[in-house]
There are 2 protein chains.
Amino acid sequence: MISNKAKYALKAMTILARHHSKKMQANAIAEEGQIPYKFLEAILAELKNRGLVISKRGAFGGYVLGEEPEEITAGDILRVIDGPIAPLRCASVSGYQPCDDCEGEEICAIRNVMMDARIALSNVLDQKTLKDMAKFERGRKESIFDE
Amino acid sequence: MISNKAKYALKAMTILARHHSKKMQANAIAEEGQIPYKFLEAILAELKNRGLVISKRGAFGGYVLGEEPEEITAGDILRVIDGPIAPLRCASVSGYQPCDDCEGEEICAIRNVMMDARIALSNVLDQKTLKDMAKFERGRKESIFDE
DNA sequence: TTTAAATCCTAGTAATTCAATAGGAAATTG
DNA sequence: CAATTTCCTATTGAATTACTAGGATTTAAA
């Protein structure tokens, strides 16, 4: 399960991508995504620290994607907000840490399973880009208006 | 990330499986798995309620697997202890619940990603059985003794 | 039938994380 | 300078996590 915060982050980033990476204010993102404004500010701050968005302060400021929509993946965003994707740290690449009660990683069946899980999961999450996600929503919304 | 509790549950169940489903006491499982005894009791109670283990009370009591090791998967155990494995409830089969701010599941790119993630994850977790896990540990341990 | 050995059951607790909110400082533009 | 917007610090209430305590109940063997 991902946190609400992560869900909001994904939402905010897809909104930014859907608006074709034009500058948007937190205000507008919050409204469009139904995200509590102050909470969103905190989320954008974290995304900014990791370079996933770029901000401009002051009047007529706002936020822009830090990279091209096809270069930012769901995995990138989730790692910033919720930390490692692997179900266990000992099976993580980005956040590796051994279990303190570990008796040997090579013989641990649990780690073995979780390594497979991490690989399967990151194959999905690191492949899905913001471009894909924005396109998906645009496509679906249009097809609904067509009806 | 799975909880410590879930890790302990997986550990306890693989121990039970490795001992070829012989009756074991919580005591012995706790020692072998380095699991806090009282915590393990609570875990075994949950597993028992869902039929994953069968218990016998009183002197010379203990716990046995509730099904054959090849019929119990890592996914089964994780769902009992940590709940749904999907990253979002709206993408879950076992624990489906719509987001309260949902504007249409068919057009939601986040749900779309999380559905793919859930499928990838459950393909791994629902395939790995206790038999596989016990075999893995036995195999690895023997090969280490061979050195 | 007592007694020792187990599981079972109810409660509680300290620490952490989650999901925000509040208030104002700093920067930018017109 | 004034309005707008991001940035920073800090707090808070609720839930979850990771356990622990203590005793009730059941069972088997002496």
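Within each chain, residue numbers correspond to sequence positions counted from 1 in written order. To read the labels, note that chains go from A and ligands from 1, taken in the order they are written. Since the coordinates come from a predicted model, pLDDT governs what is reported: local features require at least 70, and pairs of side-chain atoms require 80 or more to be given and counted, while whole-chain, interface and lining totals use all residues. Excluding hydrogens and water, the side-chain values take into account all heavy atoms of the structure.

Draft legend 1. Focus on the interface of chain A and chain B. Whether two residues are in contact is decided by their heavy atoms, any of which lying within 4.5 Å being enough. At the interface, 38 residues of chain A touch 38 residues of chain B. Buried area is a sum: the accessible area each of two parts loses on coming together, probed at 1.4 Å, counted once for each and added. Taking both sides of the interface into account, the surface hidden between chain A and chain B amounts to around 3700 Å²; carbon and sulfur atoms contribute 69%. On the chain A side of the interface with chain B, the three residues burying the most area are Met1(A), Ile107(A) and Ile110(A), jointly 18% of the side's total. Salt bridge criterion: a side-chain nitrogen from Lys or Arg within 4 Å of a carboxyl oxygen from Asp or Glu. Here chain A is connected to chain B by six salt bridges. The salt bridge partner of Lys128(A) is Asp116(B), with a shortest N-O separation of 3.3 Å. A 3.5 Å cut-off defines polar contacts: any pair of N or O atoms within that distance qualifies, except that in protein one atom must be a possible hydrogen donor and the other a possible acceptor, and neighbouring residues in sequence count only when both atoms are side-chain atoms. Run the count over chain A and chain B and you get ten residue pairs in polar contact (both at pLDDT 80 or more). Looking at the side of chain A that touches chain B, the elements that each hand over two or more residues are helix 1 (4–18), helix 4 (74–82), helix 5 (109–125) and helix 6 (130–146) of chain A. Only Asp, Glu, Lys and Arg are considered charged in this grouping, and only Ala, Val, Leu, Ile, Met, Phe, Trp, Tyr, Cys and Pro are considered nonpolar; every other residue, Gly among them, is considered polar. Of the residues assigned to the side of chain A that touches chain B, the class counts are 25 nonpolar, two polar and eleven charged. Secondary structure elements follow DSSP: runs of H or I no shorter than four residues count as helices, runs of E no shorter than two count as strands, and numbering proceeds from the N terminus.

Draft legend 2. The arrangement of the pattern of salt bridges in detail. All names here are of chain B. One pass over the structure, following the stated rule, counts 18 salt bridges over all chains. The partner of Glu41 in a salt bridge is Lys38, with the nearest N and O atoms 3.2 Å apart. In this pair, Glu41 and Lys38 both sit in helix 3 (residues 37–49), three residues apart, roughly one turn of the helix. The class for Lys38 is exposed, based on a relative accessible area of 63%. For every residue, the accessible area (1.4 Å probe, protein chains only) is compared with the maximum for its type, and the residue is labelled buried under 20%, exposed over 50%, or partly exposed between those bounds.

Draft legend 3. Looking closely at the pairing of strand 2 (residues 62–65) of chain A. All names here are of chain A. Relative to strand 2, strand 1 (residues 53–56) runs antiparallel, the two being bridged by four bridges. Looking across to strand 2, one finds that Val53 is bridged to Leu65. Counting the residues between successive antiparallel strands, the hairpin from strand 1 to strand 2 contains five residues, one of them, Gly58, with a positive phi of roughly 75 degrees. We call two strands paired when DSSP finds no fewer than two bridges between them.

Draft legend 4. A look at the protein's contact with DNA strand D. Being near a molecule or strand, for a residue, means having at least one of its heavy atoms within 4 Å of it. Contacts to DNA strand D come from 26 residues, most closely from Gln25(A), Ala26(A), Ser55(A), Lys38(B) and Gly58(B). Counting only the atoms of DNA strand D within 4 Å of the protein, the fraction contributed by sugar and phosphate is 67%. The backbone of Gly58(A) places a nitrogen or oxygen atom 3.3 Å from a sugar or linking oxygen of DNA strand D. At 3.4 Å, a side-chain N or O of Tyr8(B) approaches a phosphate oxygen of DNA strand D. The set of elements that each furnish at least two residues to the surface near DNA strand D consists of helix 3 (37–49), strand 1 and strand 2 of chain A together with helix 1 (4–18) and helix 3 of chain B. No other element matches the four residues that helix 3 of chain A contributes to the surface near DNA strand D. Partitioning the surface near DNA strand D into residue classes produces ten nonpolar, seven polar and nine charged.

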